[in-house]
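# Chain and residue survey
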Amino acid sequence: MSIHPTAIVSTKAILGENVTVGPFTIIHDNVEIADNVVIESHCELGVTNQRTDDRPLVVGCNSHIRSHSVLYACSTFDSNFVTGHRVTIRENTIAGKNFQVGTLGDIQGDCIIGDYVRFHSNVHIGQQSTIGNFVWVFPYVVLTNDPHPPSNIMQGVTVEDFAVIATMSVVLPGVKIAGGGLIAAHSSVNRDTKENTIYAGSPAKAVGETSKIRLKDGSRQPAYPWPKHFKRGYPEEAIRILESIASDYE
Amino acid sequence: MSIHPTAIVSTKAILGENVTVGPFTIIHDNVEIADNVVIESHCELGVTNQRTDDRPLVVGCNSHIRSHSVLYACSTFDSNFVTGHRVTIRENTIAGKNFQVGTLGDIQGDCIIGDYVRFHSNVHIGQQSTIGNFVWVFPYVVLTNDPHPPSNIMQGVTVEDFAVIATMSVVLPGVKIAGGGLIAAHSSVNRDTKENTIYAGSPAKAVGETSKIRLKDGSRQPAYPWPKHFKRGYPEEAIRILESIASDYE
Amino acid sequence: MSIHPTAIVSTKAILGENVTVGPFTIIHDNVEIADNVVIESHCELGVTNQRTDDRPLVVGCNSHIRSHSVLYACSTFDSNFVTGHRVTIRENTIAGKNFQVGTLGDIQGDCIIGDYVRFHSNVHIGQQSTIGNFVWVFPYVVLTNDPHPPSNIMQGVTVEDFAVIATMSVVLPGVKIAGGGLIAAHSSVNRDTKENTIYAGSPAKAVGETSKIRLKDGSRQPAYPWPKHFKRGYPEEAIRILESIASDYE
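Note that residues are indexed from 1 along each chain, following the sequence as it is written. For naming, the first written chain is A and the first written ligand is 1, with later ones following in the order written. Reporting of local features is limited, given that this is a predicted model, to residues whose pLDDT is at least 70; pairs of side-chain atoms are given and counted only at 80 or more, and all residues count toward the totals for whole chains, interfaces and linings. Excluding hydrogens and water, the side-chain figures rest on all heavy atoms present in the structure.

### Concerning the overall build of chain A
The criterion, for reference: A run of DSSP states H or I qualifies as a helix once it reaches four residues; a run of E qualifies as a strand once it reaches two. Both are numbered from the N-terminal end. Just to be clear, the radius of gyration here is over C-alpha atoms, and the globule rule we use is 2.2 Å times residues to the power 0.38. Using a 1.4 Å probe on the protein chains alone, a residue whose accessible area is under 20% of its type maximum counts as buried, one over 50% counts as exposed, and one in between counts as partly exposed. Should any heavy atoms of two residues lie within 4.5 Å, those residues are considered in contact. When charges are tallied, Lys and Arg are placed among the positive residues and Asp and Glu among the negative ones, while His and the ends of the chain are skipped. Throughout, a charge is located at the NZ atom of Lys, the CZ atom of Arg, the CG atom of Asp or the CD atom of Glu.
Of the regular secondary structure elements, chain A holds one helix and 31 strands. Scaling as 2.2 N^0.38, a compact globule of 250 residues should have a C-alpha radius of gyration of about 18 Å, and chain A matches this with 19 Å. Principal axes of the C-alpha set define a box for chain A whose edges measure 55 × 45 × 25 Å. For chain A, the proportion of its 250 residues judged to be buried stands at 61%. Sequence separation of 24 or more characterises 24% of the internal contacts of chain A that already satisfy a separation of 6 or more. When the 20 basic and 25 acidic side-chain charges of chain A are each reduced to a single mean position, those positions are 11 Å apart.

### Describing the pairing of strand β30 (residues 197-201) of chain A
Residues and elements named next belong to chain A. Our working definition: One bridge is not enough; two strands pair if DSSP finds at least two bridges between them.
Alignment of strand β28 (residues 182-183) against β30, held across two bridges, turns out to be parallel. Bridge pairing links Leu-182 to Ile-198 in β30. Sheet topology places β30 next to strand β31 (residues 204-209); five bridges connect them, and they run antiparallel. When the sheet's bridge partners are listed, Thr-197 is paired in β31 with Glu-209. Counting the residues between successive antiparallel strands, the hairpin from β30 to β31 contains two residues.

### What to know about the sheet that holds strand β17 (residues 106-107) of chain B
All names here are of chain B. As summarised here, the arrangement of the 10 strands in space is β2-β5-β8-β11-β14-β17-β20-β23-β26-β29, forming an open sheet in which the pairing is parallel. Lying at the two open borders of the sheet, with one neighbouring strand each, are β2 (8-9) and β29 (188-189). As paired elements, strand β11 (residues 70-72) and strand β14 (residues 88-89) share two bridges and run parallel to each other. The residue bridging Leu-71 from the neighbouring strand is Ile-89, located in β14.

### Structural notes on the relation of the copies chain C and chain A
Rules: Copy-to-copy superposition: least squares on the C-alpha atoms, limited to residues that have pLDDT of at least 70 in both copies.
After a rotation of 120° and a shift along the axis of 0.0 Å, chain C superposes on chain A with an RMSD of 0.0 Å. Seen this way, the second copy is the image of the first under a three-fold rotation axis.

### Considering the interface of chain C and chain A
Selection rule: Summed over both partners, the accessible area lost on bringing two parts together, with a 1.4 Å probe, is the buried area. Any carboxyl oxygen of Asp or Glu that lies within 4 Å of a side-chain nitrogen of Lys or Arg is treated as forming a salt bridge with it. Polar contacts, as counted here, are pairs of nitrogen or oxygen atoms within 3.5 Å of one another; within protein the pair requires one atom able to donate a hydrogen and one able to accept it, and residues that are adjacent in sequence qualify only if both atoms are side-chain atoms. When residues are grouped by polarity, Ala, Val, Leu, Ile, Met, Phe, Trp, Tyr, Cys and Pro land in nonpolar, Asp, Glu, Lys and Arg in charged, and all others, Gly among them, in polar.
Between chain C and chain A, the residue contacts involve 40 residues of the former and 36 residues of the latter. In total, about 2800 Å² of surface goes out of reach between chain C and chain A, with carbon and sulfur atoms giving 64% of it. Counting the contacts that link chain C with chain A gives zero salt bridges. Summed over the shared surface of chain C and chain A, the number is 17 residue pairs in polar contact (both at pLDDT 80 or more). Grouping the amino acids of the side of chain C that touches chain A by side-chain chemistry returns 18 nonpolar, 19 polar and three charged.

### Quick look at the sheet that holds strand β6 (residues 31-33) of chain C
Residue and element names in this part refer to chain C. Strand order in this open sheet of nine strands is β3-β6-β9-β12-β15-β18-β21-β24-β27, and the pairing throughout is parallel. Each end of this open sheet is capped by a strand with a single partner; those strands are β3 (14-15) and β27 (176-177). Relative to strand β15 (residues 93-95), strand β12 (residues 76-77) runs parallel, the two sharing two bridges. For Thr-76, the partnering residue across the bridge sits in β15 and is Ile-94.

### A word on the environment of B:Glu237
With respect to the helices and strands, B:Glu237 occurs in helix α1 (residues 236-248). Once residues lying within four places of it in the same chain are set aside, the contact partners of B:Glu237 are B:Lys97 and B:Tyr116.

### Some points on the interface of chain B and chain C
Chain B puts 40 residues into the contact, and the matching count from chain C is 36 residues. Here chain B meets chain C over a buried area of about 2800 Å², counting both sides, of which 63% is carbon and sulfur. Scanning the region where chain B abuts chain C turns up zero salt bridges. Across the chain B-chain C interface, the total number found is 18 residue pairs in polar contact (both at pLDDT 80 or more). Per-class residue counts for the side of chain B that touches chain C are 18 nonpolar, 19 polar and three charged.

### Here we look at the side chain of B:Thr52
Its location among the elements puts B:Thr52 in the loop between β8 (44-47) and β9 (57-59). Those residues in contact with B:Thr52, other than ones at most four positions away along the chain, are B:Val47, B:Ala73, B:Cys74 and B:Glu91.

### What to know about the environment of C:Pro173
Residues and elements named next belong to chain C. Tracing the backbone shows Pro-173 in the loop between β26 (170-171) and β27. Given the relative accessible area of 18%, Pro-173 is considered buried. Separated by 25 residues in the primary sequence, Pro-173 and His-148 have C-alpha atoms spaced 9.1 Å apart. In this structure, Pro-173 is in contact with Thr-144, Asn-145, Asp-146, Pro-147 and Gln-155, ignoring residues within four places of it in sequence.

### Let's talk about the packing of aromatic side chains
Convention followed: Any two of the Phe, Tyr and Trp rings considered here, Trp counted by its six-membered ring, make a pair once their centres fall within 6.5 Å; the pair's planes then place it as stacked at under 30 degrees, edge-to-face at over 60, or tilted in between.
According to the stated counting rule, one finds 45 aromatic pairs over all chains in the structure shown. The interplanar angle of 5° and the centroid separation of 5.0 Å between the aromatic rings of C:Phe134 and C:Phe162 together place this pair among those described as stacked. Of this pair, C:Phe134 sits in the loop between β21 (130-131) and β22 (136-137) while C:Phe162 is found in the loop between β24 (158-159) and β25 (164-165), placing the two residues 28 residues apart along the sequence. By the burial criterion, C:Phe134 is buried, and C:Phe162 matches it. Among the aromatic residues, ring-to-ring pairing joins A:Tyr116, A:Phe134, A:Trp136, A:Phe138, A:Phe162, A:Trp226, A:Phe230 and A:Tyr234 into one connected group.

### Points about the pattern of salt bridges
Residues and elements named next belong to chain A. Considering all chains together, one arrives at 21 salt bridges over all chains under this definition. With a closest N to O distance of 2.5 Å, Glu-91 and Arg-51 form a salt bridge. On the criterion of sequence distance, the pair formed by Glu-91 in the loop between β14 (88-89) and β15 (93-95) and Arg-51 in the loop between β8 (44-47) and β9 (57-59) is long-range, its members being 40 residues apart. The salt bridge partner of Arg-55 is Asp-53, with a shortest N-O separation of 2.9 Å.

### Notes on helix α1 (residues 236-248) of chain A
Helical geometry: 3.6 residues make up each α-helical turn, so side chains three or four residues apart lie on a common side. Residues and elements named next belong to chain A. Going by this rule: Take the residue count of a helix, subtract one, and multiply by 1.5 Å to get its expected span. Each direction from the helix axis to a C-beta atom contributes to the arc, which is the arc of those directions.
Taking 1.5 Å per residue, 13 residues should reach 18 Å; α1 reaches 19 Å between its end C-alpha atoms and fits that length. The set of residues buried in α1 consists of Ala-238, Leu-242, Ile-245 and Ala-246. All buried residues of α1 fall inside an arc of 100° around its axis, so they share one side. Projecting away from the buried face of α1 at angles above 90 degrees are the exposed residues Glu-236, Arg-240 and Asp-248.

### Description of the environment of B:Ala184
Residues and elements named next belong to chain B. Looking at the element boundaries, Ala-184 is found in the loop between β28 (182-183) and β29. A sequence separation of 16 residues divides Ala-184 from Met-168, and the C-alpha atoms of the two residues are 9.0 Å apart. Filtering out sequence-adjacent residues up to four positions away, Ala-184 remains in contact with Ala-166, Ser-169, Tyr-199 and Ala-200.

### A word on the domain arrangement of chain A
Residues and elements named next belong to chain A. How we decide: Per the annotation, domain bounds derive from an automatic or database assignment of domains.
Looking at the assigned domains, one finds that chain A contains domain 1 (2-215) and domain 2 (216-250). Across the contact, 16 residues belong to domain 1 and 22 residues belong to domain 2. Summed over both partners, the interface of domain 1 with domain 2 comes to about 1700 Å²; 64% of that surface belongs to carbon and sulfur atoms. Counting across the domain 1 and domain 2 interface gives zero salt bridges.

### Some remarks on the side chain of A:Asn98
All names here are of chain A. With respect to the helices and strands, Asn-98 occurs in the loop between β15 and β16 (100-101). Relative accessible area serves as the criterion here: at 5%, Asn-98 is assigned to the buried category. With near-sequence residues (within four places) excluded, Asn-98 lies in contact with Ser-79, Asn-80, Phe-81, Tyr-116, Val-117, Arg-118, Gly-233, Tyr-234 and Pro-235.

And the structure:
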């Protein structure tokens, strides 16, 4: 255990073995950190508000939380959770294994996130979003939830397994992004999409199957399903899943 | 008064009764905080630059400033001001009662903001913006000001009372968003809009009256004007105004 | 030298004369700060990761790094570097003289940035971006790099001298924005552009020469090339360059 002397760690917080806490970081009462977790400087973990109850913030083993991040109570992150800098994740977020969320990510809470999900920098995930496994969300994407803002109606977005939402796209309330689909950059998706299909534009329209896109590495192999050629940064057990998915498409 | 021992609070700053200052927060000389204000950790209040003068940062009573926020001198916030995390508000911002600005908000200064205004996460408000009362601005909206960037000409945006600007819309320099109007998500507004009218697209076009939109709660009641059905989170005196507005439309 | 007593500065870091380090700021081992540099509060300089090596973070003289910023090792900034608040700049970023990057800027590393470049708030600069001299990038612009995300192919964006990319535009992978060009707000650029030409829309199309745009100051003079009328905030030697550029167009 290595807690920097300037860190403020509640005696009620539960810290596993080999946890590192950086300078100027605050860990409140209702926090449970598993083994081998690094929490960098200037973070605040276990924030409470009028929507939080007694459930703790749980951070799984081998996680890495980068500087200036803020995580609320009543959220759970499975093992190998990784954040960029200045990430904000609110209450009632439940994330699976090896969730990665980039710098400036803003997860509004009340979300379910599957295993091996990747959010790049500066995504905004509205409340009631449901994210499958192996999903990719790129910078400045917004998942909305209010069909006629401001209102008390909340219709979260659903993103199915292996779907990819490219930079600066908006997904409108209640929309389902189907498995293996690709939302092109700068799109606005206002209705449910079909599996393994590319959507582009505002409002987004289907423009073909993802398998039509060829890798720009000279191989002319299909770029999708992406598990056929991309496994960088995943842990071993995820790579096995990616390989079996890829072989399904042979 | 509860000032954390790690906070750095200037002896020249004026703090009211029952003010809380969190760990690692800095309050500079020219700051006046009214009663019952909570300032969370890692904030910096009263920042100066070459555009600030002797006028203080004034924060009204019952305000709540969340962690990692940065507020400049020469700005004034009336009572019940609330911020999310990592908000940045520069000099010469004058905001009315119960202004709420979400996480990552970036207000560039030289702005006037009315009463009961709501900015969701990650809005960018250019200098010379003028915002009315009860306005709603959703994530990743940008209010611009330079008609031919970069230049020395600045034409701020005006947003009138009860207008709503949805996610990831850009309002171009000098444009006026008329009262009660709705700018749909992912729009780009390049000319003045009409009252109680929906605009969508890039460039945005009028697509009907806001009263045509029906609530998706099964009631089939009009979703706009929104004060008819939405009053969550407003203080009592604001709710009275919202109720009188709503009854005008009966 | 003025290092706040709460700052944590490695004894291996090299600090020039008249360097100011604010409260709660961390400076790691592999950092070289030249003379007359101000580093504000809550920053972290010299961050390392699995992609950094022994090369230090180098910050040139007369620079100003605002609060809550995070700069990685293996990057070099020439003199008069200025950041806004909460800027993140990763490894292998090489920037020329008087680079200014606004609040919330997110530079992903592996970038080359010329002299006198201006990034406004909240830009996202993907890896492998190459930015010329006197370039302007406005808020919520994203420079992408992956032609079929996620993949291992990276095709960075090139932005040539004096080009301007307006608010909330996306530049797709491998695209070159030609010198003196103007990308209008809310555009999506999917192919190389021509010099001194305006592009707008999604996908962006050429809509005329930049010289057609007239200054809205009553003069009716051309607004582009912008060095003819705009020199605010540049140091003397840059103003001389801007003046010579402007006279070429007489």
